[in-house]
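An overview of the molecular structure
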Amino acid sequence: MSDTAIKVVNPATGRLISAVEGWGAERVEAAVARARTASRAWALVPVAERAARAARLARALRERRGALASLVVAEMGKPVREAEGEVEKSALTAEYYARQGPAILADQHIEVDAAEAAWVSHEPLGLVLAVMPWNFPVWQVMRFAIPSLVAGNGVLLKHASNVTGSALALQDLFVAAGFPEHLVTALLIADREVPEVTARLIEDDRVAAVTLTGSDRAGAAVGSAAGRAAKKSVLELGGSDAFVVLDDADVGAAAAAAVKARFANSGQSCVCAKRFIVSASVADAFTSAFVAGVEALRVGDPREPDTQVGPLARDDLRAAIHRQVQDSVAAGARLLTGGRPLPGDGYFYEPTVLADTGPGMAAFDEETFGPLAALAVASDDEDAVRLANATAYGLGLSVWTADPARGVALARRVTSGAAFVNAIVASDPRLPFGGTKRSGYGRELAAAGIVEFTNTRTYWVGR
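Residues numbered from 1 in each chain as written. Predicted model: local features only at pLDDT ≥ 70, side-chain atom pairs only at ≥ 80, totals over all residues. Heavy atoms only, no water.

Per an unreviewed UniProt entry, the protein is named Aldehyde dehydrogenase family protein, and its organism is Streptomyces milbemycinicus.

Structure, rendered in structure tokens:
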């Protein structure tokens, strides 16, 4: 097998699922040419028809939910119930844009005294390059692709190599739902060649814009390349969300929500709560309830419907979590539960809770992408704000309190792309999603997500 082969390994067993040869430059060029042709034709299709295809996509997603979920489970280890939920959420998003897309994209007429008529139009940009991650193999693609396609664009998809089967299945799904062939094109690029090929594609005049969900390093490379090419980019680069529990919160409810907020998708989500900042007067009660909830989590075969925590997607990710645990303990954190890789096949790691964390510790400063929670105690609301803001990231924030007005007031003092009070941070097709600071820029979903990759064009007709 060559060094440009793309290998997919089942993280629950460590066994090879498939291997395909990465494309060379000629095959990439042919794919881009076909995608460009399909994109230009698609831009001329009326928006009502584009939206109708989104409705058909929702039906196709539900028809293939079992097969898609099984593929996600096999390729990245997501517990099967969550994988099925990911497909259903994608279908709901397709339905949202089928209903709302035409109205959002409709011309906006403006009264201007000096003009016979004036209006603002949202017109397709063209072919958009999407560099997508492995942690939500279906949803991450769909939340970008659906609004972009309804807006009249085409999609070049560079999916993560460990979910190559999912990338090809989604490409086929769009065709089955009635979208033109080659309008969504999955590019199979060997890992070592991704930086060079991505940079070349961003420079290509046929590519109008780029979006990436991934690491800070990848985001910096893509953002700078897009800047040099003067092209639109949207970056979603992860987070280290704070989950703040104030002294008047319902501790039991907050602790139960905290377990879900941290360990969904086995902790491998940008919007998983990662830093738990708890008021001193309720810290002991919260910690006790939280640890009990974590220790009750069912870790195991992600194919089993009662499994709540599966393996990490790759062995290097498990090693990274273990390093963060060890470094934090060496810096003074206390290990309350977990803290070690599980023996046997696959890339399993014990759900882990660290106490006495704070700025200067790996578990608090870095994005922890796995089943690791960091607890910190705040002396008062002012201290909670200080700790919540003590991060380079700015994606989500969750605040728990008996007084919603107090929660909103605190949230306004913490920098993030979204703030939830007495609720777990989540994405919803009706609301914009995205971050600030090192969590990136731009927005997906809702009206903002469908107009991100359009040319907002002014028309003026003189008297």
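1. Brief notes about the nonpolar core
Worth spelling out the cut-off: In this text, buried Ala, Val, Leu, Ile, Met, Phe, Trp, Tyr and Cys residues form a nonpolar core when linked through side-chain atoms within 4.5 Å. Only protein chains enter the calculation, and the probe is 1.4 Å; a residue is then buried if its accessible area is under 20% of its type maximum, exposed if over 50%, and partly exposed in between. Put simply, DSSP marks the helices as runs of H or I at least four residues long and the strands as runs of E at least two long, and each gets a number from the N terminus on. Contacts were defined at the residue level, with two residues in contact if any of their heavy atoms lie within 4.5 Å.
Counting 74 residues, the largest nonpolar core has Leu57, Leu61 and Met142 as the members making the most contacts within it. Among the elements that make up this core, the one with the highest residue count is helix 4 (residues 80–105) (nine residues). With sequence-adjacent residues up to four places away left out, leucine 61 is seen in contact with Leu68, Val87, Ser90, Ala91, Val138, Met142 and Leu173.

2. A word on the pattern of salt bridges
Close approach of charged atoms allows side chains of opposite charge to pair. Heads up, the condition is: One side-chain nitrogen of Lys or Arg within 4 Å of one carboxyl oxygen of Asp or Glu is enough to make a salt bridge.
Scanning all chains against the criterion turns up 29 salt bridges. One salt bridge in this structure joins arginine 314 and aspartate 316, with 2.8 Å as the shortest N-O distance. Given the relative accessible area of 43%, aspartate 316 is considered partly exposed. For the salt bridge of arginine 334 with aspartate 356, the shortest nitrogen-to-oxygen distance reads 2.6 Å. Of this pair, arginine 334 sits in strand 12 (residues 334–337) while aspartate 356 sits in the loop between strand 13 (352–355) and helix 12 (362–365), and the two are 22 residues apart along the sequence.

3. Thoughts on the environment of arginine 64
Take arginine 64: it is sitting in the loop between helix 2 (47–63) and helix 3 (65–76). Since its relative accessible area comes to 34%, arginine 64 is described here as partly exposed. Expressed as a C-alpha distance, the spacing of arginine 64 and leucine 173, which sit 109 residues apart in the sequence, is 8.6 Å. In contact with arginine 64, other than residues within four places in its own chain, are Asp172, Leu173 and Ala176.

4. Focus: the packing of helix 9 (residues 251–263) against helix 10 (residues 280–295)
Helix packing for two helices is described by the angle between their axes and how far apart those axes are. Test applied: For every element, the axis is a line fit to its C-alpha atoms; helices are fit only across the contacting stretch, and the angle between N-to-C directions ranges from 0 to 180 degrees. Between 65 and 115 degrees an angle is taken as roughly perpendicular, under 35 as roughly parallel, over 145 as roughly antiparallel, and anywhere else as oblique. Less than a right angle of anticlockwise turn of the near helix away from the far helix marks a crossing as left-handed, whereas a clockwise turn marks it as right-handed. Side-chain classes are defined by residue name, with Ala, Val, Leu, Ile, Met, Phe, Trp, Tyr, Cys and Pro counting as nonpolar, Asp, Glu, Lys and Arg as charged, and the others, Gly among them, as polar.
Running from amino to carboxyl end, helix 9 crosses helix 10 at an angle of 45°, the nearest separation of the two axes being 9 Å. It follows that helix 9 is oblique to helix 10 by the angle criterion. Considering only the axes of helix 9 and helix 10, their crossing is right-handed. Contact residues: helix 9 offers Val251, Ala254, Ala255, Ala258, Val259 and Phe263, while helix 10 offers Val282, Ala285, Phe286, Ala289, Phe290, Gly293 and Val294. When its residues are assigned to classes, the contact of helix 9 with helix 10 shows 12 nonpolar, one polar and no charged.

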